[in-house]
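Below are the chains, spelled out letter by letter.
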Amino acid sequence: MTTLNMLGKPCPIPVVEAKKALLQGQDVTVLVDNSIAVQNLEKMAAGLGYGFSYEQKGEAEYAVTIIVKNSGAEPASCQVMRPEAMPFDASSGQIFLITGDQIGISAEEPGKKLMQTFLYSLAQLPKAPEIILLINAGVKLAAEGSEVLDNLKAIAEHGADIRSCGQCLNYYGLTEKLVVGKITNMMEIVEFLTSSRRTVTI
Amino acid sequence: VWALSWPPKESDAASADAMQKAVNSMRRLNRYAAEKMLRFNISACTDVTGFGLLCHLLEMCGNSASAEIWPEELPIINEAADYANDFLLTAAAQRNRNHFGKRGQVDSLPFALQELMFDPQTSGGLLICVDTEQSQQLLNVIQKDDSDARIIGRIINPYDHNNIIIFGGKK
């Protein structure tokens, strides 16, 4: 359990810091000084499917506990609200789900070459897919040491929102080495894939 | 503007672009729309600022009218919805949500949309109530200078204290 002292820190800093720790798989206790921050932490926990509870320690001190692995029991104090965390479909577009650092599974060498050519070609298009999700070894493409960073950056510049799976980055030891795009999680990936966007799996 | 006052730290191209859209929106004067609306039958008008769209609308409805919002018509900056889904949430938006309470079926809407409608605006636009038969004409005139203007809903009767604001599709 990690404790984050967020007393005196305005929203959204407590949520941002708590989420960072949670995405690393750590349970957190967050100390905040107002009930609004408690509610914002609760929305985040509910949206990401984490267990939430809090305790008022003093007039201006609340200890909020968020557990990554929810045991399934309904947290007792989670009564304020339970917003649905579906992403708002501001514009319907295309999702590219990239599940590896090569295309196909037959042979590694041509597979990697194919992926490079694929991303190079995608970078040449004037309009990129709306969202590119990188999972499993696909996260290597967006991290230090990748040979396709320039192409991915160009694709991002053409409007793609590139997100890499946090758990996968962690597995490959690349969490601190992500160069292009943001970190995501399975909840968010599932929400994207079940939105009205079209999905292409590479 | 909506949820953009706290952009993510990665200053990637998308967020820089979103920031520019937000700055453009905040710099836009309400003066032109305000001058034009005077030629129409306006029953109410407010500039949407710190209380967000829903609480300003709630205030406008008072205890005499209800309103229907058409979420798909709301002009939003797409990245603002992404940031809301990343839980970059302000304290003021939560205070607005608490103030709004149970006076509308907000909880059934997508989370980002809820947040954006509660989000405080640094320099928001005008929320204007105009006679239905004049609404399209007023929109056309306003859009000459402000292309993002939209008809986002309608005032309905009767007044229902437990459901002052409802959500639906454009009729």
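Residues numbered from 1 in each chain as written. Chains lettered and ligands numbered in written order. Predicted model: local features only at pLDDT ≥ 70, side-chain atom pairs only at ≥ 80, totals over all residues. Heavy atoms only, no water.

### Some remarks on the nonpolar core
Thought 1: Judged by nonpolar contacts, the single largest core of 33 residues is most densely connected at Leu119(A), Ile132(A), Leu134(A), Leu141(A), Leu152(A), Ile155(A) and Ile162(A).
Thought 2: Once residues within four sequence positions are removed from consideration, Leu119(A) is found in contact with Ile98(A), Leu141(A), Val148(A), Asn151(A), Leu152(A) and Ile155(A).
Thought 3: Ranked by size, the runner-up nonpolar core spans 30 residues in total, among them Leu57(B), Ala67(B), Ala80(B) and Ala84(B). (Core = buried A, V, L, I, M, F, W, Y, C linked by side-chain atoms within 4.5 Å. Buried < 20%, exposed > 50% of the residue type's maximum accessible area, 1.4 Å probe, protein only. Contact = heavy atoms within 4.5 Å.)

### Structural notes on the sheet that holds strand 5 (residues 94-98) of chain A
Residues and elements named next belong to chain A.
Thought 1: An order of 8-7-6-5-9 is seen for the 5 strands of this open sheet, with the pairing classed as parallel. In this open sheet, the two edge strands, each paired with only one partner strand, are strand 8 (182-184) and strand 9 (198-201). Going across the sheet, the axis of each strand differs from the next one's by a mean of 25 degrees, ignoring polarity.
Thought 2: Sheet topology places strand 5 next to strand 9; 4 bridges connect them, and they run parallel. By the bridge assignment for strand 9, Leu97 is matched with Thr201. (Pairing = 2+ DSSP bridges. Helix = DSSP H or I, 4+ residues; strand = E, 2+ residues; numbered from the N terminus. Axes fitted to C-alpha atoms, helices over the stretch in contact; angles between N-to-C directions.)

### What to know about the environment of Val64(A)
All names here are of chain A.
Thought 1: In this fold, Val64 is placed in strand 4 (residues 61-67).
Thought 2: Judged by relative accessible area, which is 0%, Val64 ranks as buried.
Thought 3: As for Val64 and Thr3, which are separated by 61 residues in sequence, their C-alpha atoms are 9.6 Å apart.
Thought 4: The residues contacting Val64, other than those within four sequence positions of it, are Val28, Thr29, Val30, Val32, Val38, Leu41, Phe52, Ser53 and Tyr54.

### Regarding the state of the cysteines
Thought 1: The full count for this structure, using the stated rule, is 1 disulfide over all chains.
Thought 2: Here Cys165(A) engages in a disulfide with Cys168(A); their sulfurs sit 2.5 Å apart. Here the disulfide of Cys165(A) and Cys168(A) is right-handed, its torsion about the S-S bond being about 80 degrees. Grouping residues by exposure puts Cys165(A) and Cys168(A) together as buried.
Thought 3: Here Cys129(B) stays free of any disulfide, with the sulfur of Cys61(B) as its closest cysteine sulfur at 7.2 Å.
Thought 4: By relative accessible area, Cys129(B) is classed as buried at 12%. (Disulfide = S-S within 2.5 Å.)

### Section: the packing of helix 5 (residues 91-100) of chain B against helix 6 (residues 111-118) of chain B
All names here are of chain B.
Thought 1: At a closest axis distance of 8 Å, the pairing of helix 5 and helix 6 adopts a crossing angle of 90 degrees. Taken as axis vectors, helix 5 and helix 6 run roughly perpendicular relative to one another. For the pair formed by helix 5 and helix 6, the contact residues are Ala93, Asn96, Arg97 and Phe100 on the first element and Phe111, Gln114, Glu115 and Phe118 on the second.
Thought 2: Residue classes in the contact of helix 5 with helix 6 are distributed as 4 nonpolar, 2 polar and 2 charged. (Parallel < 35°, antiparallel > 145°, perpendicular 65-115°, else oblique. Nonpolar A, V, L, I, M, F, W, Y, C, P; charged D, E, K, R; others polar.)

### Some words on the packing of aromatic side chains
Thought 1: One pass over the full model with this rule turns up 6 aromatic pairs over all chains.
Thought 2: Between Tyr171(A) and Tyr172(A), the ring centres sit 5.0 Å apart and the planes meet at 85 degrees, which makes this aromatic pair edge-to-face.
Thought 3: A relative accessible area of 68% places Tyr171(A) in the exposed class.
Thought 4: A relative accessible area of 27% places Tyr172(A) in the partly exposed class.
Thought 5: Summarising the aromatic geometry, the rings of Phe87(B) and Phe111(B) are spaced 5.6 Å apart at their centres and angled 40 degrees between planes, so their arrangement reads as tilted. Of this pair, Phe87(B) sits in the loop between helix 4 (78-85) and helix 5 while Phe111(B) sits in helix 6, and the two are 24 residues apart along the sequence.
Thought 6: Three or more aromatic residues joined by ring pairs form one cluster here, namely Phe52(A), Tyr54(A) and Tyr62(A). (Phe/Tyr/Trp six-rings, centres within 6.5 Å; stacked < 30°, edge-to-face > 60°.)

### Some words on the pairing of strand 3 (residues 51-58) of chain A
Thought 1: Relative to strand 4 of chain A, strand 3 of chain A is paired through 7 bridges, and the arrangement is antiparallel. By the bridge assignment for strand 4 of chain A, Gly58(A) is matched with Glu61(A).

### Topic: the confidence of the model for chain A
Thought 1: Of all residues in chain A, 88% have pLDDT values of 70 or greater, and the mean over the chain is 85.
Thought 2: In the model, residues 70-92 of chain A has pLDDT below 50 throughout and makes 60 contacts with residues more than four positions away in sequence or in other chains. (pLDDT = per-residue confidence, 0-100.)

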